[in-house]
Structure formats: C-alpha cells, structure tokens
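Observations on chain architecture
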Amino acid sequence: MTSQRSQAVLLALACLLGLVVVIATFRRTTPPAPDPQPAVTSETPKADPVALYRPTVVPDRIILTFASDPATSQAVTWRTDTTVKAPVAEFALAADGPVFEKGWRGYDEKLVKRLAARTERLTADGHHAHYHSVNFTDLAPKTKYVYRVGDGSNWSEWFQFETASKDPEPFGFIYFGDAQNGIRSLWSRVARGAYSDMPKARFIVHAGDLVDAGNSDPQWGEWHAAAGWINGMVPSVPAPGNHEYSDPKGITRHWRPQFTLPEHGPEGLTETCYFLDYQGVRVVVLNSNEKHAEQAAWLEKTLATNPNRWTVVTFHHPFYSPVAGRDNPAVREAWRKVFDAVPKGVDLVLQGHDHTYGRSGLMREDNRLDGTQVQTARGTVYVVSVSGAKLYTGGDLTWMKRRGSGAQLYQLIRVEGDELVYESRTARGDLYDAFRLKKRADGGNDLIEGENPPGPEGPSGPDTPAVAGGNGGGVGARGAWNAVVAVVILALVALAVGWAVRGR
Ligand SMILES: [Fe+2]
C-alpha cells in the first residue's frame, strides 16, 4: 500500500509539473495586448507648404529631358531664386575618378565644358523663381557623361547620364499614369519603386496630370521632391493632362519653364506635342487637351516619316476609357483613323486620366471592340494606368483584356529587337499585368499574353491570402491545442490525487 501511495503521489507531482510547463508555454504564445497608439495631437504648427518649397541660391528641381536627338544631346532644367544671375552647366565625359572637378586628383580643366544657361522668370504662389536650362549638344552616342548645374558659388552634385545609341538597341523605359494626388506622401513610393526595379531605364513617360492644381508651386515642389535625384539621372518625357490646364489661359505657367522639350510641335502646342527617336522606337507625345485637328495633321506626317521599327504614343485622355461615362470621343475621332491608316501602325498607346487600370488586345477600327483581332495585319495595344493615390473603381467594359482597380501602379517596358516586353507592377512591386508584342516580318504584331495573376481585378484586393493566412491563425491553433493538453493533465491530476487518498 505504501508503495502504491508513493506511486500515486509521484504521479500527481509529475502531472502538476506538466501543468506548470503547459501554462508557461501558453503564456509565451499568447500575443501581448497591443500598446496604445501614440497620440498625434502635436501642438507643433504645420509647416507652410509654400515656404517649404521656396527657391534658394542652391539649384533644385533638377530634371533631365530631351530637347533634340537623344543620341547626341541632353537637356537639363533647374531652379534657383532670382539672385542667381549667371547660371551655368558644366559637363564632361564620365570618368571613374573625380577628374572633372577642380581640386581633386587628376583634375584637368580641358575635360570640362561650361555652357551659359537660358533663364525664364516664374512667379508662383507669391515667390519669384528663375528656371534655367541648357541643352548639351554635339555629344557622342552611347556615351556616359557627367554634369552639374550652378553659378560658380553654389553647385548641384555631379549627375551621370548616358546618350542613346544611333542604332536600334535593347533598352527599357518607365511609364506612369496620373501622379496627381498624395504626391509626396504616396506617389513617391511608386516613383522610387519603379526606379529600383529598372534603374537603367532610359526615360520616364508621364501620361499627364502630374499634379492636381497645375499652378500650385507646392504641388510641383512635391512632384520634384518625390522623384528627387532620379530626375537628374533619368530623363522625363511628360505629356500634359487636364490638371495642367487648370489655368483659364491654358497650360500651367510652370510647364514650359520647368521642362525643356522639343519645339517642333504644331503652332500653339510647343513643348506639349513632340516626338523623339530612341534606339529604334519613335515616342510621340500628344496634347489631348486642345487643338486635336491640328495635331492630327502633324501626327500623320510624324508617323509617315517614322524610320523606326516601333512606335509608342502617349497622351492623357484615353481613346477607350475603363470607366463607363468617361468616354473621350473627340480625341478618339481625331486621332484613331491616323493611327489605323499609317502603314507601320502604332504599337502601344500609354494614357492616364481615369485613375484605374485597363489594357486592350490589338485594337483598330476594323477589329472588334473587345480587342479581338480580325484584321490580322495591324493593331494597337491601348493602356490606361494610374500611379498616384486617387483611385476610381473601373468598369467591366468589353475592350479590356486586363482591368483592375484600387492599386497604384508603375509600368516597365523593354524593347528588345523584335519584341516589346511590357509589365505593370503594383506599388508593392507585385506583377499586375504582362504581355509581349512580337513584331512580324510584315510589320504587324502578335500579342502574347503573359503569366498574369489570376482574376480580372488583380492581386491587390483587401483580403489577399497573405493577410488572411498570417501568423495570427497559427498562434490561435497552438493556444487551442495547449488548452486541450491542460484539461487532460488536470483530469490526470484529479485521478492521481483521488487514487492516493483512497490508498490511505
Ligand atoms: Fe485627368
């Protein structure tokens, strides 16, 4: 009996020890109660946005654009206050060491060329600024250069760029739909994400509505700050949207001073309607806000004389809207017949305005409206995208092969000989849409759909599996298992104690 009682006491002790272990484990795996959120009722006064972006003697808003042939030229524009009277830009062949700046090892003044800038005065939101521009010309194709801008006392850092090849060669570029809203707070992530994914992009297409209020200096300040030094290294190719036309007199007074662009467009559309040729691609920028008929005639000539294998066109108001009730018949009727008639065709059209995503199949007037190609020789892929924070809900219109709402997006486009490879990615960097255009011998394209994420609405819904199946579920299951083990151990303890008592 004594032995039995001892065994019962030992069993009870073992069970009690097990219970303690389980309770300790259970306590460790139970998530702690969240700390209360810190208050955000700071009494610090809000910074004046106009004052934040006031110009100084130090160059800012430095941005590369193309004003002429990208193989032999590169334009740069920057801003200072109005005390800067003799602005210059310096440039040199890029070297591995600092030989282009005085005072550093290997410096040779003969390596550096200095050009006087052209200056335009701009008064906006109560302060005066000077916008300076220089077009570096007679550059060697496919060559790396460095440059800086300043006035002898204050200089920018040295930036680096590479001129285009004279010949068709593979390259990539970035395309953004409307930035427009939440530019500093929310568009910056997209701009920087795109650059991170394609740091060797040769230019960035902006399909209009870069800001919300075209004459707002703080908004342009946000736009320049969001992309920051990327704009000093990767040239921008901007098209104006309706929000750049918020001034009753026409395009915002910021546009021409801050972008140095080709001036070969139709009269009255200088620097808002232009084209450039880049390594086998003609990129045509149209101004969908005004003078559609004048641009149709110019476009006809520009497409007819295109020596390149590929043609990409960008403008703001889409031919085919992803949202019912936002049709733009005037734009479509003015230009679509030009696109369809040109022997080489237009391969890709990049648009904005509708704050959602839609992408067609190979469209033309005599193909079906859903993009199904019945006229096999030609066809254009039309895209509408958005990069900023204002997001509309798209429709379910038949022309879209891929549609989606609720995601900020950027597009990476590569042209590689016979192929144009297109990807749209979300702000997180996830693939959203993909296709390839394969150029046939007759000049037309075959459209090859990519491995697109399932579902027409894309991968960025609020209830993605990654969220629903996160760590929270695992902790809950472990807790339930521990509770079951604890109950079993408690029952064993009770049995053992009862056995010991009876043994007495
Ligand atoms: Fe717009």
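Residues numbered from 1 in each chain as written. Predicted model: local features only at pLDDT ≥ 70, side-chain atom pairs only at ≥ 80, totals over all residues.

1. Here's the deal with the sheet that holds strand β3 (residues 88–93)
Strand order in this open sheet of four strands is β4-β3-β7-β8, and the pairing throughout is antiparallel. The outermost strands of the open sheet, each flanked by one partner alone, are β4 (113–116) and β8 (159–162). For this sheet the average axis-to-axis angle between neighbouring strands, irrespective of direction, equals 30 degrees. Sheet analysis places β3 next to β4, joined by four bridges and oriented antiparallel. From the neighbouring strand, A89 faces β4, where its bridge partner is L115. (Pairing = 2+ DSSP bridges. Helix = DSSP H or I, 4+ residues; strand = E, 2+ residues; numbered from the N terminus. Axes fitted to C-alpha atoms, helices over the stretch in contact; angles between N-to-C directions.)

2. Re the packing of helix α6 (residues 292–304) against helix α7 (residues 329–341)
Running from N to C, α6 and α7 point in directions that differ by 20 degrees, and their axes come no closer than 9 Å. Comparing the axis directions of α6 and α7 gives the class roughly parallel. The hand of the α6/α7 crossing is right-handed. In this structure, α6 contributes H292, A293, A296, L299, E300 and L303 to the contact, and α7 contributes A330, V331, A334, W335 and V338. (Parallel < 35°, antiparallel > 145°, perpendicular 65-115°, else oblique. Left-handed = near helix turned anticlockwise from the far one by under 90°. Contact = placed C-beta atoms within 7 Å.)

3. Let's talk about α6
The end-to-end C-alpha distance of α6 is 18 Å, a good match for the 18 Å that 13 residues give at a rise of 1.5 Å each. Restricting attention to buried positions, one finds in α6 the residues Q295, W298, L299, T302 and L303. (Expected span 1.5 Å × (residues − 1). Buried ≥ 20, exposed ≤ 12 C-beta atoms within 10 Å, placed from the backbone.)

4. Points about unusual backbone geometry
Its identity as a non-glycine residue notwithstanding, Q279 has a phi of 50 degrees, on the positive side. Of note, Q279 is situated in the loop between β12 (274–278) and β13 (281–285).

5. Some thoughts on the nonpolar core
If you look at the biggest cluster of nonpolar residues, it comprises 101 residues, and the most contacted ones within it are V76, F173, I174, I204, V205, V283 and V285. Ignoring sequence-local partners within four residues, the contact set of I174 consists of A194, M198, A201, I204, V205, Y410, Q411 and L412. (Core = buried A, V, L, I, M, F, W, Y, C linked by C-beta atoms within 7 Å.)

6. Some thoughts on the sheet that holds strand β16 (residues 357–360)
Within the open sheet, the seven strands sit side by side as β12-β13-β14-β15-β17-β16-β18. Their pairing is mixed. Pairing within the sheet leaves two strands with one partner each, and these edge strands are β12 and β18 (400–404). The mean inter-strand angle of the sheet, taken between neighbouring strand axes irrespective of direction, is 15 degrees.

7. Some points on the environment of V112
Its location among the elements puts V112 in the loop between β3 and β4. For the pair formed by V112 and F91, sequence separation is 21 residues and the distance between their alpha carbons is 5.7 Å. Excluding residues that lie within four positions of it along the chain, V112 makes contacts with E90, A92 and F100.

8. Notes on the pairing of strand β2 (residues 74–80)
With respect to burial, β2 is a largely interior element, seven of its seven residues being buried. Side chains Q74, V76, W78 and T80 project from β2 onto one buried face, and the interleaved A75, T77 and R79 project onto a second face that is buried too. Sheet topology places strand β1 (residues 60–65) next to β2; four bridges connect them, and they run antiparallel. Paired with D60 across the strands is R79, a residue of β2. Note: β2 against strand β6 (residues 127–136), seven bridges, orientation antiparallel. Among the inter-strand pairings, T80 is bridged to a residue of β6, identified as H130.

9. Things to note about helix α4 (residues 217–227)
Here α4 lies mainly inside the structure; ten of its eleven residues are buried. Along α4, the residues that are buried comprise D217, P218, Q219, W220, G221, E222, W223, H224, A226 and A227. Looking at the buried side of α4, the elements it contacts are α2 (49–52), β1, β5 (118–124) and α3 (183–197). Downstream of α4 by a residue or two, G228 has a phi angle that is positive, lying close to 55 degrees.

10. Side note on the packing of α3 against α4
Where α3 meets α4, the axes come as close as 8 Å, and the angle between the chain directions of the two elements is 30 degrees. With respect to their mutual orientation, α3 and α4 come out roughly parallel. Classified by chirality, the crossing of α4 by α3 is right-handed. Between α3 and α4, the residues in contact are I183, R184, W187, S188 and A191 and Q219, E222, W223, A225, A226 and A227, respectively. Across the contact of α3 with α4, the residue classes break down as seven nonpolar, two polar and two charged. (Nonpolar A, V, L, I, M, F, W, Y, C, P; charged D, E, K, R; others polar.)

11. Details of the environment of A89
With respect to the element layout, A89 can be found in strand β3. As for A89 and R114, which are separated by 25 residues in sequence, their C-alpha atoms are 5.7 Å apart.

12. What to know about the environment of D354
Within the secondary structure layout, D354 lies in the loop between β15 (348–351) and β16. Once you skip the residues sitting within four places of it in the chain, D354 turns out to touch P318, S321, P322, V323, R326, V384 and Y392.

13. Things to note about the confidence of the model for the chain
The predicted model of the chain has a mean per-residue pLDDT of 87, with 81% of residues at 70 or higher. Counting interchain partners and residues more than four positions distant, the pLDDT-below-50 stretch residues 458–482 has 21 contacts. (pLDDT = per-residue confidence, 0-100.)

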